Amino acid sequence: MRVTELAKKLNISPDTVRFYTRKGGLRPVKDAANGYKSYTPKDEQRLRFILGARGLGFTVNDIEEILQVSDNHHTPCPLVRELIEQRLQETEARFNEMKRLRDRMRQAVSEWQQLPDADPKGHRVCHLIETFTEHDNVTQGNTHDAEPG
């Protein structure tokens, strides 16, 4: 089957199929006569595996490593267990960071309900943000000067 057929069968974009082909996860056979790539049922199964692994939070590099171990006829299960632990820890850290951000946003919404609008003065842009972040920097010792944004 061709790129578009495989993509349609798995309900993904043809670009997704092409991406995993470029990354080496899929190995279609190239037709010498017309140059079209033809995907086998094995490619379909590998792509299903890749999509399932992505859905569990594995990175593209993780998946490449897992496939390589499997292609060498070794069990990737110990590696998979190790990688999922790492991804879980990373996800927990991002989750906690997002919860802190949500709390700060809620605090800002609550405080800003009580404050009037104000025209910019001096070098100020919006007193709501500037006052909130100045207060935050003083109370928490945060400095955001080095952060891009």
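Structure: see above.
Here the residue numbers are simple positions, counted from 1 along each chain's written sequence. Given that the model is predicted, a residue must reach a pLDDT of at least 70 before its local features are reported, and side-chain atom pairs must reach 80 or more before they are shown or counted; all residues, however, enter totals for whole chains, interfaces and linings. The side-chain figures draw on all heavy atoms in the structure; neither hydrogens nor water molecules are used.

Paired rings are identified among Phe, Tyr and Trp, the last through its six-membered ring, by centres lying within 6.5 Å, and are further divided according to the angle between planes into stacked (under 30 degrees), edge-to-face (over 60) and tilted (the rest). The tally for this structure, following the rule as stated, stands at two aromatic pairs. Summarising the aromatic geometry, the rings of F19 and Y20 are spaced 5.0 Å apart at their centres and angled 80 degrees between planes, so their arrangement reads as edge-to-face. Accessible area is worked out with a 1.4 Å probe on protein chains only. A residue is then buried under 20% of its type maximum, exposed over 50%, and partly exposed in between. Given the relative accessible area of 30%, F19 is considered partly exposed. Their ring planes at 80 degrees and their centres at 6.0 Å tell us that W112 and F132 sit as a pair that is edge-to-face. Here F132 lies in helix α6 (residues 127-140) and W112 lies in helix α5 (residues 77-113), a separation of 20 residues in the sequence. Numbered from the N terminus, helices here are DSSP runs of H or I no shorter than four residues, and strands are runs of E no shorter than two.

For helix α2 (residues 14-22), the full list of buried residues reads V17, Y20 and T21. Seen end-on, α2 carries its buried residues on one side only, within an arc spanning 105 degrees. What points out from α2, more than 90 degrees from its buried face, is the exposed set D15 and R22. By the convention used here, residues are in contact when the closest approach between their heavy atoms is within 4.5 Å. Where α2 is buried, its residues meet α1 (3-10), β2 (37-38), α3 (41-55) and α4 (60-71). Two residues or fewer after α2 comes G24, characterised by a positive phi angle close to 95 degrees. Along the arc lie the directions from the helix axis toward the C-beta atoms.

Salt bridge, as used here: a side-chain nitrogen of Lys or Arg that lies within 4 Å of a carboxyl oxygen of Asp or Glu. Enumeration over the complete set of coordinates arrives at ten salt bridges. What emerges from the salt-bridge pattern is a single network uniting K9, E44 and R48.

To continue, consider empty space enclosed by the protein. A pocket here means an open set of points on a 1 Å grid, computed over the protein atoms alone, that has protein on both sides within 12 Å along at least five of seven lines. A cavity is instead a set of points where a 1.4 Å probe fits but cannot get out; residues with an atom within 4 Å of a point line either one. Grid points are joined across faces, edges and corners, and a volume is the space filled by probe spheres set on the points. Taken as a whole and judged by the stated rule, the model has one cavity of 30 Å³ or more. The volume enclosed by the largest cavity comes to roughly 50 Å³. As for the largest cavity, its lining consists of Y20, K23, G25, I50, V60, I63, E64 and L67. Of all the elements, α4 adds the most residues to the lining of the largest cavity, at four residues. When residues are grouped by polarity, Ala, Val, Leu, Ile, Met, Phe, Trp, Tyr, Cys and Pro land in nonpolar, Asp, Glu, Lys and Arg in charged, and all others, Gly among them, in polar. Residues belonging to the lining of the largest cavity are distributed by class as follows: five nonpolar, one polar and two charged.

This part is about the side chain of E130. By secondary structure assignment, the location of E130 is in helix α6. Using a relative accessible area of 19% as the deciding quantity, one classes E130 as buried.

This part takes up the packing of α1 against α3. The contact between α1 and α3 brings their axes to 11 Å, and the two run at 50 degrees. As judged from the angle between their axes, α1 and α3 are oblique. The element α1 and its partner α3 pack so that their crossing is right-handed. Across the interface between the two elements, L6, K9 and L10 of α1 pack against E44, L47, R48 and L51 of α3. Counted by class, the contact of α1 with α3 contains four nonpolar, no polar and three charged residues. Under this scheme, a helix contributes an axis fitted over its contacting stretch, all axes are lines through C-alpha atoms, and angles between N-to-C directions fall in the 0 to 180 degree range. Each angle receives one of four descriptions, namely roughly parallel if under 35 degrees, roughly antiparallel if over 145, roughly perpendicular if within 65 to 115, and oblique otherwise. For a crossing to be left-handed, the near helix must be turned anticlockwise from the far one by less than a right angle; the clockwise case is right-handed.

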